[in-house]
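Next come the chains, spelled out residue by residue.
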Amino acid sequence: MTDLSASYAPRMSACPACDAAPLAQRLAERAATPDTSALILSLPTAHCALCITQVEDALTAHPGVRAARVNLTLRRVTVDAPGLGADDLIPVLARIGYEAHELDPGALAATTADRVGRDLLMRIGVSGFAMMNIMILSVAVWSGAEAATRDLFHWISGAIALPTVAFCGQPFFASAWTSLKARRLGMDVPISLALILASAISVFETAHSGHHAYFDAAVMLCFFLLIGRYLDYRTRAIARSAAAELTALEVPRATLLRDGVEETVPVVDLRPGNLIRVRPGGRIPADGEIIEGASEIDRALLTGETLPVPAAPGMILSAGEVNLTGPLVIRVTAAGRDSSLARLTALVEAAESARGRYTSLAERASRGYSPAVHALAFASFAGWFWASGDLRLAVNIAAAVLIITCPCALGLAVPAVATSASGRLFRRGLLIKDGTALERLAEVDTVVFDKTGTLTMGQPQLVRADLPQALRPVALALAAASSHPLARALAAGMEDVEPAALEGVTERPGQGVEALWQGRRVRLGRADWLGAADEGDSAMLSSWFAVEGQAPVRLDFSDRLRPGAEECVAQLRADGRRVILLSGDRPAAVAHLADALGITEWHAGVSPTGKADLVGRLSDQGAKVLMVGDGLNDTAALARAHASISPASALDAARVASDMVLTGKDLLPVAEAVAVAERATRRIRENFAISFGYNVVAVPIALAGFATPLLAALAMSISSITVTLNALRLNR
């Protein structure tokens, strides 16, 4: 709403928001109802697209589980299972070969992730050292060592290589063994078979005084496979998701005030009403209201705002924000899982775990891939052994096929792009709530903006009030009785005035506020309600004040543009998208704003149902509409659009109905989100092309016998790294 005199269009209902209210109420009630059935388990051994399918299928088949969604980037599964606990579900995953633990904050700490990296680096170092020593021994063999000397060097190489492969290949062997125990074929089964075959054929050759042994190749194979896995781990860390960044903002402890005495307690022990102290430089541990102190607050990581905002008693703070300059005492309103930071984290995790059509395509492809890999390797072994009679050659070719066809790149094709895109948009102040939003956003060709609170700040300021001094307290008292933006602006503009005593204060929906003052009726609201002759062509926001028996007085307000609004509209139009402005405001005010932003298509005086109907008509005509709005009257239009965005300042119902939430004040990330979504879709298609193209080229080479197991390991690692690096191009 923008204006007491023009906010509401005539309709059958008494309240102009009545058409949208039922839907908004249902959405808000659903958002306010906590999901107590959600259970989160960590999956430390999950690492590929096939793992996603197997874990989700096993859990959803268990009685009492309604849904399960795996987040491969964070290696966790969120299970909707009312009445079930971790003890009920962990054995289900154990039976199919997956280790699982109930998630705790420590499992998400950076130190845990660092241990994984250090373990891989340690194994890389051991295998690299062993590889160099074996290569020195191999030089003597290659130089022409014969008979007993050659056999001795082979046995020494084996003494170094076999323990090295057993130790350094443990990540692959452990994963493969749990897969086989669960009667399934994971991605590490072919890799483990290749390592075992390369080592076994070398022992066989050495035991029979053969001229060739491949201990050096087996260790080199393990070395390069570990390097590939470590690089994959590092690139995933670089492409960390928005959920991981939000998790990093959580504070484990807080300074609780008990009768004026400070006590350090875990954040999970905080309760609403507790008083906590936050010193300068400290991060806010819980949602709350400042009751003592003044400071500046850094909200950059949560909202994208680059400048600190002043903080004083009465201001509401959110967990994760940083106190910069002065000590604060805060009364807790929500902490732990109930805090706004925790809710945002859960929201983003759900979006990253959602299934779009590209994710489903990758999973369907990888589901049948592993059996096909083993069948192809066996066929290559049988064919080459039949054609050549050389067991060693047939085993080497089969090992190369097993490694080179591992579909790791295919499993990374979509998740790598999704996490990279969500991380980039999060850093720009845009949270993705729905995992399919990026796909839909990339298809947008029409952008519909609401006016007040979206393109403008929705915070009107009083610029002219020709009120006699005696009537100012009366106008202030009326304004204080209304929640309308213009009424609040009027009250804020007369802070130095004491309100008058009024009787029978009544707010008339769609009209204004009235009361009795010294026996006379006084009113604040629409021009036609007060009987004033309003200049309908004025671009200024206005309200009217009248005392019974006196001429009404006009009050003028202005509303400033939201930062980045001009740049956002200009970028969208430059990209060839149709931009439309919808508002319930007067034509003059809407036309003035549209002209300032260069929007040629606008509609004024539009009702809530009118907005939804217009979005529906555009969709029926084939347009892919992005709706950007913040009010109760935008809720139906947001829900009906192909994709939708709401500012964080929007009503709860609007935020629930939208696919994305703009956490900062700047509107430019809206245009950037559309551009990033387009690039993300291109990256996903490119990754599919890389994955399938790699197999089209590499598999025939391996089958033809031109790729050794070592070259196959290099090729497989390069394909996975290429896919992830291609996804990281989104961050440029």
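Before reading on, note that the structure itself is shown above.
This one's a predicted model, so the numbers in the text were calculated from it and none came from an experiment.

(A) Structural context of the pattern of salt bridges. Under the counting rule described, the total for this entry stands at 15 salt bridges. Between R577 and D575 there is a salt bridge; the shortest N-O distance is 3.8 Å. In this structure, the salt-bridge partner of E686 is R683, at a minimum N-O distance of 3.5 Å. With E686 and R683 both in helix α27 (residues 668-703) and three residues apart, this pair spans about one turn of that helix. Members of the salt-bridge network, linked through shared partners, are E262, R277 and R279.

(B) Structural view of the pairing of strand β20 (residues 541-547). In terms of burial, β20 is largely enclosed, as seven of its seven residues are buried. Judged by which residues are buried, β20 turns out to be covered on both faces: L541, S543, F545 and V547 on one side and S542, W544 and A546 on the other are all buried. Of the pairings in the sheet, the one linking strand β19 (residues 520-525) to β20 comprises four bridges and is antiparallel in character. From the neighbouring strand, G525 faces β20, where its bridge partner is W544. Sheet topology note: the β20/strand β21 (residues 553-558) ladder contains five bridges and is antiparallel.

(C) How the structure looks around the packing of helix α22 (residues 565-574) against α27. Contact pair α22 / α27: the axes reach a minimum separation of 7 Å and the direction vectors enclose 25°. Between α22 and α27, the crossing angle belongs to the class labelled roughly parallel. Across from E567, C568, Q571 and L572 in α22, the residues of α27 making contact are L668, V670, A671, E672, V674 and A675. In the contact of α22 with α27, the residues fall into seven nonpolar, one polar and two charged.

(D) Expanded view of the side chain of D450. Along the chain, D450 falls in strand β15 (residues 446-450). What makes D450 buried here is its relative accessible area of 5%. For D450, the side chain forms a polar contact with the side chain of T454, separated by 3.4 Å. A polar contact is formed between the side chain of D450 and the side chain of K611, at a distance of 2.9 Å. Among all residues touching D450, those that are not within four sequence positions of it are L455, L581, L582, K611, M627, V628, G629, D630 and D634.

(E) Molecular detail of the environment of I201. Summarising the element assignment, I201 is placed in helix α7 (residues 188-207). A residue is classified by how much of its surface remains accessible, and I201, at 6% relative accessible area, is buried.

(F) Structural context of a nonpolar patch on the surface. On the surface, V696, V697, I701 and F706 cluster together to form a nonpolar patch covering roughly 420 Å² of accessible area. Look at V697 and you get exposed, because its relative accessible area is 51%.

(G) Up close: α22. If you check which residues of α22 are buried, you get A565, C568, V569 and L572. Taken around the axis of α22, the buried residues stretch over an arc of 95°, which confines them to a single face. Of the surrounding elements, those touching the buried residues of α22 are β15, α18 (451-455), β22 (578-582), α23 (587-597) and α27. G576 lies just past α22 and shows a positive phi near 90°.

(H) Representation of the pairing of strand β13 (residues 328-334) in the model. Of all seven residues making up β13, five are buried, and the element is well covered by its neighbours. Direction of pairing for strand β7 (residues 275-278) relative to β13: antiparallel, over a ladder of four bridges. Paired with V278 across the bridge in β13 is L328. Examined bridge by bridge, strand β8 (residues 287-292) and β13 share five bridges and lie antiparallel to one another. Paired with E292 across the two strands is V329, which belongs to β13.

(I) Quick peek at unusual backbone geometry. Positive phi is not limited to glycine here, since D259 has a value of about 55°. If you trace the backbone, D259 turns up in the loop between β5 (253-258) and β6 (261-266). Classification of D259 by relative accessible area gives exposed; the value is 84%. Unlike most non-glycine residues, Q518 shows phi in positive territory, near 55°. If you trace the backbone, Q518 turns up in the loop between β18 (512-517) and β19.

(J) Seen up close, the sheet that holds β20. Strand order in the open sheet formed by six strands is β16-β21-β20-β19-β18-β17, and the pairing between neighbours is antiparallel. Edge strands, defined here as strands with exactly one partner in the open sheet, are β16 (461-465) and β17 (503-508). Across this sheet, the average inter-strand angle for adjacent strands is 20°, counted without regard to direction. Taken strand by strand, helix α20 (residues 485-492) contacts β16, β19, β20 and β21, and its axis lies near 95° from that of β21.

Rules used throughout
Residues numbered from 1 in each chain as written. Predicted model: local features only at pLDDT ≥ 70, side-chain atom pairs only at ≥ 80, totals over all residues. Heavy atoms only, no water. Salt bridge = Lys/Arg side-chain N within 4 Å of Asp/Glu carboxyl O. Helix = DSSP H or I, 4+ residues; strand = E, 2+ residues; numbered from the N terminus. Buried < 20%, exposed > 50% of the residue type's maximum accessible area, 1.4 Å probe, protein only. Pairing = 2+ DSSP bridges. Axes fitted to C-alpha atoms, helices over the stretch in contact; angles between N-to-C directions. Parallel < 35°, antiparallel > 145°, perpendicular 65-115°, else oblique. Contact = heavy atoms within 4.5 Å. Nonpolar A, V, L, I, M, F, W, Y, C, P; charged D, E, K, R; others polar. Polar contact = N/O pair within 3.5 Å; in protein donor to acceptor, adjacent residues only side chain to side chain. Patch = residues over 30% accessible without salt bridge, like charges linked within 9 Å, V, L, I, M, F, W, Y side chains within 5 Å. Areas by Shrake-Rupley, 256 points an atom, 1.4 Å probe, with all protein chains shown as cover. Arc of directions from axis to C-beta.

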